[in-house]
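# Residue-level structure breakdown
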Amino acid sequence: MSRNQKNTPLYTMLENFTASRPVSFHVPGHKNGNIIPSQGKEAFKSLLQLDLTELSGLDDLHAPHGVIKDAQELTAELFEADASYFLIGGSTSGNLAMILSVCSPGDEMIVQRNSHKSIFNGLELAGAKPVFVAPEFDEAVHRYTAPGKDSIKRALDRHPRAKGVVLTYPDYFGRTYGLNEMIQLIHEYNIPVLVDEAHGIHFFLDDSFPEAALAMGADAVVQSAHKMAPAMTMGAFLHTQSERMSSSRIARYLQMVQSSSPSYPIMASLDLARSFLAHLTSTDLRRILNSAEEVRDILKKGDLWHIVPGDDPLKITLQAKLGVPAETIAGLFEQEGIYPELATHNQLLLVHGLAPFNQMKRLEKAVGRINAQLKNIPNHDIIDTNNLFKERITELELDYFTMNQRNSIQVPLRKAENCIAAEAVIPYPPGIPFVLKGEQITRNHIEIIEQFMQQGVTIQHRDIEEGISVFC
Ligand SMILES: Cc1ncc(COP(=O)(O)O)c(C=O)c1O
């Protein structure tokens, strides 16, 4: 590695700037943390001192030539990308820019059906014609994970004019699949593979983790640095390594989808997170992985769940035993002051950090108390989601342009069968749409949405209690 990954050019510049006690006659209005309501002073003061703007020497995210350029180049070097871009709008903004940069209105894009909503929003903004490839039900983890290679091949053969393929790797729970072979297959058609690797920024660190998308030859990869690396929320990276991607288009769309006043604390935290990742030694990693194993051993003592095998050793998925809603288990953990990452109707995800966990005893006691309480929990109906995607390759009933010309109405759920959804139905987390805007609503959809609602799953869809928004 030619550069010193200990360097944090952007963070160090901000620190030096702050130490020079600058006088602010510029925005932001908190004036280097001096104007803050008293109740927030203690918590915010030091952070707001770093909350600067494009002053001399502090560079400009949208036209980088100084410390931000250096920080991005260090990132590209660490991840072995041709170019890396700092994102201050999360992987969401990277997914939007990545899609917009390869597809124009009317272009076909092959897309994994169980993608994050930002992928669908990107397709809609681009005016793309998505071809969805349904994921397979993965018996080993009791979830839909990724599409099979055969389905991707069929979509490629049926849609030879597609401009690219958008895949998600790994899923929220750290499950992976044969991305390498899939990338090789897609490259035979000479189109780019865009990978939403929001949950896999740490994969490049060590062989104990699954292989990283960039190492397998993906053309563009988006990673949330705030999810598995220690960056601030909304900090993410977009990496590219391909002549199939246009860097000028990516830069143009990043300017459109990101703020013209990017947050310096978020950018500085990306600089620090990159340096942190670069300096994790194999001894550090062994300690972290041992700690995750110890957490897993404690959680194995839970009476009403079992641990689902996973590919990412830092993701621990609990499968609730039949009839026990995972949300109920999540609530009991929360009563213990322990907050899992997410609960679906039947699974609970706990995410171990990139440092040893230091409250094993507390976790052990909490599991003991949760076991005692769970014995009194009434059983719930089981949501049968094993048969969601009957068709492997689908397209929308209406294109985005037509949909956006039409008025929508709200109809009671039970009356929505066979209507076309005017708004996606998204259980959150994980934010993967269950019904897509433009898809036909089936009886199966309605029954499952009702069960989600009965079980208190948060659903993103305007006034879902009133009904579902459909095109008339
Ligand atoms: C697979 C996937 N992609 C993208 C995102 C969006 O990431 P961000 O929160 O960094 O915008 C998420 C968020 O959970 C996600 O799960």
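Refer to the preceding data block for the structure.
Described below are features of the structure shown in this document. (Residues numbered from 1 in each chain as written. Predicted model: local features only at pLDDT ≥ 70, side-chain atom pairs only at ≥ 80, totals over all residues. Heavy atoms only, no water.)

## A few points about the site of the ligand
- Residues in contact with the ligand amount to 13 residues; listed here are only the nearest, Ser91, Thr92, Asp196, His199 and His226.
- Contacts to the ligand include Lys227, whose side-chain N or O atom sits 3.0 Å from an oxygen atom.
- Within the complex, 91% of the 390 Å² of free accessible area of the ligand lies under protein. (Near = heavy atom within 4 Å. Polar contact = N/O pair within 3.5 Å; in protein donor to acceptor, adjacent residues only side chain to side chain. Areas by Shrake-Rupley, 256 points an atom, 1.4 Å probe, with all protein chains shown as cover.)

## Topic: the sheet that holds strand S7 (residues 193-196)
- Read across the sheet, eight strands follow the order S1-S9-S8-S7-S6-S2-S3-S14 without closing on themselves; strand pairing throughout is mixed. Of all the strands in the sheet, just strand S1 (83-87) and strand S14 (393-395) have a single pairing partner and so form its edges. Across the sheet, the axes of successive neighbouring strands diverge by a mean angle of 20°, strand direction being ignored.
- The pairing of strand S6 (residues 165-168) with S7 spans four bridges and is parallel. Directly across from Leu167, in S7, lies its bridge partner Val195.
- Sheet strands touched by helix H8 (residues 247-257): S1 and strand S9 (236-240). Its angle to S1, the strand with the most contacts, is close to 5°. (Pairing = 2+ DSSP bridges. Helix = DSSP H or I, 4+ residues; strand = E, 2+ residues; numbered from the N terminus. Axes fitted to C-alpha atoms, helices over the stretch in contact; angles between N-to-C directions. Contact = heavy atoms within 4.5 Å.)

## Considering the pattern of salt bridges
- The full count for this structure, using the stated rule, is 23 salt bridges.
- When the shortest N-O distance is used, the salt bridge between Glu77 and Arg3 registers 3.8 Å. One end of the pair, Glu77, is in helix H3 (residues 67-79); the other, Arg3, is in the segment before helix H1 (9-19), and 74 residues separate them in sequence.
- The partner of Glu447 in a salt bridge is Arg443, with the nearest N and O atoms 3.9 Å apart. Within this pair, Glu447 and its partner Arg443 are both found in helix H14 (residues 443-454), separated by four residues, close to a single helical turn.
- Relative accessible area serves as the criterion here: at 39%, Arg443 is assigned to the partly exposed category.
- Within the structure, one salt-bridge network assembled from shared partners comprises Arg3, Lys69, Glu73 and Glu77. (Salt bridge = Lys/Arg side-chain N within 4 Å of Asp/Glu carboxyl O. Buried < 20%, exposed > 50% of the residue type's maximum accessible area, 1.4 Å probe, protein only.)

## As for unusual backbone geometry
- Cis rather than trans, the peptide bond between Val27 and Pro28 has omega equal to 0°.
- Its location among the elements puts Pro28 in the loop between H1 and helix H2 (38-49).
- The linkage connecting Tyr169 with the following residue, Pro170, adopts the cis geometry, with an omega of -5°.
- The phi torsion at Asn32 lies on the positive side, around 55°, for a residue other than glycine.
- As for its position among the elements, Asn32 is in the loop between H1 and H2.

## Quick look at the nonpolar core
- Judged by nonpolar contacts, the single largest core of 66 residues is most densely connected at Leu10, Leu167, Leu179 and Leu277.
- Ranked by residues supplied to this core, first place goes to helix H9 (residues 264-278) with seven residues.
- Residues lining this core come from more than one domain, with at least three contributed by each of domain 1 (9-278) and domain 2 (282-374).
- Setting aside chain neighbours within four positions, we find Leu277 in contact with Leu78, Phe79, Ile201, Phe204, Leu205, Ala229 and Leu354.
- Among the nonpolar cores identified, the runner-up in size contains 35 residues, and Val102, Val111, Val166 and Leu436 belong to it. (Core = buried A, V, L, I, M, F, W, Y, C linked by side-chain atoms within 4.5 Å. Domains from an automatic or database assignment.)

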